[in-house]
Amino acid sequence: MSERESMPCDVVIVGGGPAGLSAAIRLKQINPELEVILLEKGSEIGAHILSGAVVDPRALDELVPEWRSMGCPMAETPVTDNWHWVLSKTGKTALPHALMPPLMSNHGCYTGSLGNLCRWLAEQAEALGVMVFPGFPAAEVMIDEEGRVAGVITQDMGVAADGSHKPDYQPGMEIHAKYTLFAEGARGHLTKRMKARYDLEANCCPQVYGIGIKELWDIDPRKHKPGRVIHTQGWPLSESDSWGGGFLYHQANGQVALGFVTALDYRNPWVSPYQEFQRWKQHPAIREYLEGGKRVAYGARAINEGGWQSVPKLAFPGGALIGCAAGFVNVPRIKGSHTAMKSGMLAAESVAAAIAAGHEKTELADYDAAVRSSWIATELKLVQNAQPAVAKYGGDIGTLLAGIDMWMRTLKIGLPISMKHKPDYTFTGRADLYPKIDYPKPDGVISFDRLTNVAYSYTNHAEDQPCHLQVKDLALQVESELGVYGGPSARYCPAGVYEWLTDEKTGAPRFQINSQNCVHCKTCDIKDPNQNINWVTPEGGGGPNYPNM
C-alpha cells in the first residue's frame, strides 16, 4: 500500500458549485491569509453544473457588487418577458401576473448558464488565492478521536473494477482542515453520511426531490426573444397523476434552455420522467420554438424540493452543510442559486470568525442561527406549503391552495401550519396496481431516445473502475424492485444506466448497470423503493462534461 500524502489548510470546501465558490470567495475577502482548498469532482469547474437557469442576483450583488461590469456571463441576458402557462394536451392558458404573489416575479433576474457563472466565480476565487482542484472528488470524511470532522480524503485513482491497483494507481490525499464545508449539491454522498452520523434531520422533515432534465437548443433566430422566460404546468404529467412542470428560457447567443421537472413522489412505477419531457416538447406551444432548431446539449440532476421544513441542522463539530447539500431551493420560483450562495457566504463569515478567535473543529452554531434569521429563511417560509400542497392535492387544487397560502403569508396573515413531507420512495406503488404507459417513439427531430441524448452530455467514465452505483442486496433488487414494482429503475434513470435483461443461459432476470452512462443525477439513490442503491463518487473527472449548461 502506498502511503497517503497529506495537506493541511484552514478550510476545505467539498464542491465547486455556487455555494462552495461563494464560501471560498467570502473567506478570502474577510481574511486573505486563510488557506482555502476547494475540491470539485468534475473534470473542470462547471462540468457537473446544470440548472435552468433564471438567477436572482441578490446574493451575487452582496458577494461581488460590480459583477455586471466584470465580464460575468450571467449579465448578458436580463429577463425581459415572463410567462406562466397551464397546458392541456393541445392548448395553453396563461396565468395572469396579477394572480401571483410578488415573490414570483422574475423582474431584475438574469437567465444564462449556471455552469458558466461558476466558471467565472472560480476565476474570482483563484484570483483571491483559493486553491481550486477540479477532478478530485472527496471520497471519505476524516473524523478525529473526539468525533469531530477533521477534513476529507480524496478519491483513489487507478483502481480496477476488481479492486486491484492498476499501474497508474495513486492513493487519495488527506486534506486536514480546521473546518470542512460540504457543498456537494443535492443528495451528496458525504452529506448523507454526515446527516446520519450527527442526526442532523432529527427535527426536520426528510428532504424530497424532483428530477430536472434539460436540453440546450440553437433555434431559428427569428423565434429567439432574448430574456423571455416561460414556465408551464399541467400536461403531460396530469395524465399520470404526477406533478411538476416545464421551462423554456431564451438565453444568449440564439439559444434556449428547456427542461422538465418531475417530482419524485410519483406513485405509478411505469412513469418515465425522461419520456414525459420528450412528450412535453411535442406540445404545439413548445414545439413551435424548436422547429428548425438543433439540440446541442443534454443533462439531468436531482433538485431539492423540501423547502424550509426540510432544512436540517446545518452545523456539527468541524463541519457544516451549505447550498443544496442543505436544501434551500425555492420550489415555486424554481430558484436556489441565490439562497445557496448566501448560505455559503454566511458559513464563511462564521468560519472566519471562529478561526480568528483561535478555534478549530468546533460546531458553528452561529452559522445555523444566521441562516435561520436571514433572508433565506424569510423567503423560504413564504413558500413552505407550496410543494406539499401540490403533492397532496394535485396540480389543480394544490396550485390554488399553494397560491392562497403564499398570498396569505406575503400579507402576513398566514396560518401557523407547516405541511409535512414523506420520503419520495415511500410513494412508489406496486406495478400491478397501475396501468403501463405507452410512450410514443421519438421522432429524432424534436424528441430523442435516451442514449442518443446522453451522448450530448459528453459523459465519460474510466471503464475499468469499481462501480460507483452500489447495489446493497442484488437478490432484493430482483425480488422486489423488479418483482413487486416492475423495475422502475429502467424508467426513472434519465441516462439509461439500468436495464433488466434475461440471462441467456438460465432465463433468470439480470440487473444490468451501465455505470459509464451516469450523469450523476442521483435519482436512483432517491427513488429506489427499497433504498437499495447507494450512489458514491467515481474516479476523479468522471461523469458529464456539460458545456454552457
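For clarity, every value in this text was computed on a predicted model and none was experimentally measured. (Residues numbered from 1 in each chain as written. Predicted model: local features only at pLDDT ≥ 70, side-chain atom pairs only at ≥ 80, totals over all residues. Heavy atoms only, no water.)

> Just give me the short version of the overall build of the protein chain, but keep the residues and values in it.
In terms of regular secondary structure, the protein chain is built from 15 helices and 23 strands. Against the globule reference of 24 Å for 549 residues, the protein chain gives a C-alpha radius of gyration of 22 Å, in line with a compact fold. On the principal axes, the C-alpha backbone points of the protein chain span a range of 65 × 65 × 45 Å. Here the contacts in the protein chain between residues at least 6 apart in sequence split such that 78% fall between residues at least 24 apart. Accessible surface, the protein chain as shown: approximately 21,600 Å² in total, 53% of it carbon and sulfur. Here the protein chain carries 51 positive and 60 negative side-chain charges, and the mean point of each set is 7 Å from the other. (Helix = DSSP H or I, 4+ residues; strand = E, 2+ residues; numbered from the N terminus. Rg over C-alpha atoms; globule rule 2.2 N^0.38 Å. Contact = heavy atoms within 4.5 Å. Areas by Shrake-Rupley, 256 points an atom, 1.4 Å probe, with all protein chains shown as cover. Lys, Arg positive; Asp, Glu negative; His and termini not counted. Charge placed at Lys NZ, Arg CZ, Asp CG, Glu CD.)

> Talk me through helix α8 (residues 365-372); I want residue IDs and the actual numbers.
Within α8, burial applies to Y367, D368 and V371. The buried residues of α8 occupy an angular sector of 100° when the element is viewed end-on, so they sit on one face. On its buried face, α8 sits against β18 (315-316), β19 (319-321), α7 (337-356) and α9 (375-382). (Buried < 20%, exposed > 50% of the residue type's maximum accessible area, 1.4 Å probe, protein only. Arc of directions from axis to C-beta.)

> Which residues make up the environment of I213, and what are the values?
Within the element layout of this structure, I213 appears in strand β13 (residues 209-218). Sequence separation between I213 and P494 is 281 residues; the distance between their C-alpha atoms is 7.5 Å. Sequence-distant contacts of I213, that is, excluding residues within four places in its chain, are made with L258, G259, F260, P273, Y274, F277, Y298, G299, A300 and P494.

> Can you tell me about the environment of V390, naming the residues and giving the values?
Assignment of secondary structure puts V390 in helix α10 (residues 386-393). Residue classification places V390 among the buried residues on the basis of a relative accessible area of 11%. Distance in space between the C-alpha atoms of V390 and A402 is 7.0 Å, their sequence separation being 12 residues. In this structure V390 touches W243, G395, G398, T399 and A402, once residues within four positions along its chain are discounted.

> Now, about the pattern of salt bridges: what can you tell me, with residues and values included?
Here the structure, examined in full by the defined rule, presents 26 salt bridges. For D10, the salt bridge is made with K178, and the minimal N-O distance between the two is 3.0 Å. Highlighted residues: D10 in strand β1 (residues 6-14) and K178 in strand β12 (residues 174-182), separated in sequence by 168 residues. D525 serves as the salt-bridge partner of K192, at 2.9 Å between the closest nitrogen and oxygen. (Salt bridge = Lys/Arg side-chain N within 4 Å of Asp/Glu carboxyl O.)

> So what about the pairing of β13? Which residues, and what values?
Across the 10 residues that make up β13, a large majority, nine, are buried. For β13 and strand β17 (residues 294-304), the ladder comprises 10 bridges, and the chain directions are antiparallel. What sits directly across from G210, in β17, is I303. Pairing between β13 and strand β16 (residues 255-263): nine bridges, direction antiparallel. The partner of G210 across the bridge, within β16, is A263. (Pairing = 2+ DSSP bridges.)

> Lay out the sheet that holds strand β15 (residues 244-250) with the relevant residues and their values.
Remark on secondary structure: sheet strands pair via backbone hydrogen bonds, oriented parallel or antiparallel. The strand order across the open sheet formed by seven strands is β5-β4-β14-β15-β16-β13-β17, and the pairing between neighbours is mixed. At either end of the open sheet lies a strand with only one pairing partner, and these are β5 (92-94) and β17. Neighbour-to-neighbour, the strand axes of the sheet open up by a mean angle of 20°, direction not taken into account. Summarising the sheet, strand β4 (residues 81-87) and strand β14 (residues 228-234) pair through seven bridges and their orientation is parallel. When the bridges of β14 are listed, D81 appears paired with R228. (Axes fitted to C-alpha atoms, helices over the stretch in contact; angles between N-to-C directions.)

> So what's going on with the packing of aromatic side chains? Residues and values would help.
Tallied over the entire structure, the rule returns 11 aromatic pairs. Consider the rings of F260 and W280, whose centres lie 5.7 Å apart with planes at 45°: the pair is tilted. Here F260, found in strand β16, pairs with W280, found in helix α5 (residues 273-281); they are 20 residues apart in sequence, far enough to count as distant. A centroid spacing of 5.9 Å and a plane angle of 80° characterise the contact between Y274 and Y298, whose relative ring orientation is edge-to-face. Of this pair, Y274 sits in helix α5 while Y298 sits in strand β17; the two residues are 24 residues apart in sequence, bridging distant segments of the chain. In terms of burial, Y274 and Y298 fall into one category: buried. A connected cluster of aromatic rings, assembled from ring pairs, spans F182, Y198 and F316. The ring of Y456 is capped by R295, whose NZ or CZ atom sits 3.8 Å from the centre of that ring. (Phe/Tyr/Trp six-rings, centres within 6.5 Å; stacked < 30°, edge-to-face > 60°. Lys NZ or Arg CZ within 6 Å of the ring centre and 35° of its normal.)

> Account for helix α3 (residues 114-127), with residues named and values stated.
A turn of α-helix holds 3.6 residues, and therefore any two residues three or four places apart point the same way. In a regular helix each residue adds 1.5 Å, so 14 residues correspond to 20 Å; α3 covers 20 Å between its end C-alpha atoms and thus fits that length. Burial runs high along α3: 10 of the 14 residues are buried. Along α3, the residues classified as buried are L114, G115, L117, C118, R119, W120, L121, A122, Q124 and A125. Taken together, the buried residues of α3 touch α1 (18-30), β3 (54-55), α2 (58-63) and α7. Positive phi appears at G129, one or two residues downstream of α3, with a value of about 105°. (Expected span 1.5 Å × (residues − 1).)

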